[in-house]
Amino acid sequence: MIHINEHYLKLQASYLFSDIARRVASFQEAHPDREVIKLGIGDVTQPLPPACIKAFHAAVDEMGSRDGFRGYGPEQGYAFLREAIAREDFLARGAVVASDEIFVSDGAKCDTGNIQELFGLDAKIAIPDPVYPVYLDTNVMAGRTGGFKDGRYEGIVYLDSTAANNYVPELPREPVDLIYLCFPNNPTGSTISKEQLRRWVDFAREHKALILFDAAYEAFIRDPALPHSIYEIEGAREVAVEFRSFSKSAGFTGTRCAYTVVPRDCMAYDRQGNRQPLHPLWNRRHCTKFNGVSYPVQRAAEAVYSPEGKAQCKELIDGYLANAALIAQAMRDLGYRFVGGDNAPYIWIDGRRDSWEFFDLLLDKAGVVCTPGAGFGKCGQGYIRISAFNSRENVVRAMERIRAALA
Ligand code: MLT
């Protein structure tokens, strides 16, 4: 008899964004005449930067020629892309990352979900609340938690991110082994200072723990004092893996390209307490389970770092940040407390009522889709997240409708 992995039965209903999509679809079926504006899932809406499209086309043409054709590429990514990433995303900011410490992949969601395979099933995991659900769900699937009770999984050390700590969690009071951090944060849009991040790095070093640092939204940072990479902090290379993505920085959600940095000096431990470098383990996993991102997509990603590509990506992100400012202004005018939107594409709003109730209200009265904060964890109850990923026109119309609905 074939048995299932019963840890899957512990998972709460469906994946948050699938749940929302279903609710929106049934609303649209019931109200075919109502136009819905989606500010829920953080999916980009603007076309790819022209520099990326040009490189993409040229690479597709190469694939159609006898000389330019390529079969399997290196699983870790082509050198041209890894070298551009190391130079532009790290060395240019004074962070030391070598090109062979970069693993190109098809998404930060997959990488942040897969990385937990490298660690013992008894690892003590610290996860922020609210949180991007993938970190938590993948540990539940692997069997690192008990059951779901009172809105939380047993066995997880939750790191509360609330108004009281300005949505930057305090260090855990007990030792933990694996720490998930995401800054600029999804879902709250909050940011972490270098000093605060240094405390996490010091904590990880003291406890021989590992930080999984999700920096998928770093391109939205406009405050020059904020760190873009955890490797800007001294000592982080030994205790941190960093995840990045072209999804939000260059509009690649449908194109798929991201990368993970595993420094050669980043360590975990075997049962005898010996230091074990993570780089060969992740490399082994990557080579066994992944066949690389397509050549044209990697050429398109490389173009992000050209002078035109940099200017076009900045313009893209400035556009989303201007949307975020409009959302923030509307919430301020309506008297809601919120965080985010200035160095992140998300605005986290204290709705002063049940999250799903607020979600339904915005959908019914304004025809606007947001994300209920409760879907990101217990501390998200009472909040909603509004995403700035849409056209200016749609954001302006959505805010007009929300102002009318909530006034
Ligand atoms: C979100 O809305 O939180 C993101 O789009 C999810 C993701 O990037 O996978």
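These notes cover the structure that comes with them. The residue numbers shown here count from 1 along each chain, following its written sequence. Selection of residues for local features in this predicted model requires a pLDDT of at least 70, selection of side-chain atom pairs for listing and counting requires 80 or more, and totals for whole chains, interfaces and linings are taken over all residues. With hydrogens and water excluded, all non-hydrogen atoms of the structure serve as input to the side-chain values.

### Focus on the overall build of the chain
So, step 1. Along the backbone of the chain there are 12 helices and 17 strands.
So, step 2. Relative to a compact globule of 407 residues, whose C-alpha radius of gyration would be 22 Å, the chain shows 21 Å and is just as compact.
So, step 3. In terms of principal-axis extent, the alpha carbons of the chain reach across some 60 × 55 × 55 Å.
So, step 4. Two residues qualify as a contact provided that any one of their heavy atoms is within 4.5 Å of a heavy atom in the partner residue. Residue pairs in contact within the chain that sit at least 24 positions apart in sequence constitute 73% of those at least 6 positions apart. The helix and strand labels rest on DSSP assignments: H or I over at least four residues marks a helix, E over at least two residues marks a strand, and numbering proceeds from the N terminus. Within these notes, the globule rule equals 2.2 Å times the number of residues to the 0.38 power, and the radius of gyration is based on C-alpha atoms.

### Quick look at empty space enclosed by the protein
So, step 1. Within this scheme a cavity is a closed region of a 1 Å grid, computed over the protein atoms alone, that accommodates a 1.4 Å probe without allowing it to escape, whereas a pocket is open but has protein on both sides within 12 Å along at least five of seven lines; lining residues each have an atom within 4 Å of a point. Grid points are joined across faces, edges and corners, and a volume is the space filled by probe spheres set on the points. Under the definition given, this model contains 1 cavity of 30 Å³ or more.
So, step 2. Of the volumes computed, that of the largest cavity is approximately 30 Å³.
So, step 3. Lining the largest cavity are Phe183, Pro184, Thr191, Ile192, Ile221, Leu226 and Pro227.
So, step 4. Side-chain classes follow a simple rule in which Ala, Val, Leu, Ile, Met, Phe, Trp, Tyr, Cys and Pro form the nonpolar group, Asp, Glu, Lys and Arg form the charged group, and the remainder, Gly included, forms the polar group. Its residues assigned to classes, the lining of the largest cavity comprises 6 nonpolar, 1 polar and no charged.

### Observations concerning the site of the ligand
So, step 1. The nearness test applies per residue and asks whether one of its heavy atoms lies within 4 Å of the molecule or strand. In the neighbourhood of the ligand, the contacting residues comprise Phe17, Ile41, Gly42, Tyr132, Asn186, Tyr217, Lys248, Tyr346 and Arg385.
So, step 2. Side-chain atoms alone can form a polar contact between residues adjacent in sequence; in general such a contact is a pair of N or O atoms within 3.5 Å, and within protein one must be able to donate a hydrogen while the other accepts it. Measuring from an oxygen atom of the ligand, one finds a side-chain N or O atom of Asn186 at 2.8 Å.
So, step 3. A distance of 2.8 Å is found between an oxygen atom of the ligand and a side-chain nitrogen or oxygen belonging to Lys248.
So, step 4. Using the Shrake-Rupley algorithm and a 1.4 Å probe, accessible areas are obtained, with residue cover drawn only from the displayed protein chains. Alone, the ligand offers 270 Å² of accessible surface; in the complex the protein occludes 85% of this.
So, step 5. In the shell around the ligand, the residues fall into 5 nonpolar, 2 polar and 2 charged.

### Some remarks on the pattern of salt bridges
So, step 1. For salt bridges, the criterion is a side-chain nitrogen of Lys or Arg within 4 Å of an Asp or Glu carboxyl oxygen. Overall, the coordinates contain 27 salt bridges when judged by the stated rule.
So, step 2. As a salt-bridge pair, Asp129 and Arg152 come within 2.6 Å of each other at their nearest N and O atoms. Here Asp129 is found in strand E3 (residues 125–129), whereas its partner Arg152 is found in strand E5 (residues 152–153), with 23 residues between them in sequence.
So, step 3. Exposure classes here rest on a 1.4 Å probe applied to the protein chains alone. A residue is buried below 20% of its type maximum, exposed above 50%, and partly exposed in between. Among the residues examined, Asp129 registers a relative accessible area of 2% and is labelled buried.
So, step 4. Through salt bridges with shared partners, one network takes in Asp89, Glu218, Glu242 and Arg244.

### Quick look at the sheet that holds strand E13 (residues 338–340)
So, step 1. Any two strands between which DSSP finds at least two bridges are classified as paired. Strand order in this open sheet of 4 strands is E13-E14-E17-E16, and the pairing throughout is antiparallel. Only two strands of the sheet have a single partner each, and these edge strands are E13 and strand E16 (371–372).
So, step 2. Looking at chain direction, strand E14 (residues 346–350) and strand E17 (residues 383–387) are connected through 5 bridges and run antiparallel. Along E17, the bridge assignment pairs Ile347 with Ile386.

### With respect to the pairing of E17
So, step 1. Counting buried positions along E17 yields 5 of 5 residues, so the element is predominantly enclosed.
So, step 2. By the alternation rule, side chains of E17 split into Tyr383, Arg385 and Ser387 and Ile384 and Ile386, which are all buried.
So, step 3. Judged from the 2 bridges that link them, E16 and E17 form a sheet pairing that is antiparallel. Within the sheet, the bridge partner assigned to Pro372 lies in E17 and is Ile384.

### Examining the nonpolar core
So, step 1. Working definition of a nonpolar core: buried Ala, Val, Leu, Ile, Met, Phe, Trp, Tyr and Cys residues. They are joined through side-chain atoms within 4.5 Å. Core analysis: the biggest nonpolar cluster contains 56 residues, and Ile179, Ile211, Phe246 and Phe252 have the highest contact counts within it.
So, step 2. Take this core: its biggest share by element is 6 residues, from helix H3 (residues 79–90).
So, step 3. Setting aside residues up to four positions removed in sequence, Ile211 forms contacts with Ile179, Leu181, Trp200, Val201, Ala204, Ile230, Val239, Ala240 and Val241.
So, step 4. One finds Ile37, Leu363, Val369 and Ile384 within the second-largest nonpolar core, a separate group that totals 39 residues.

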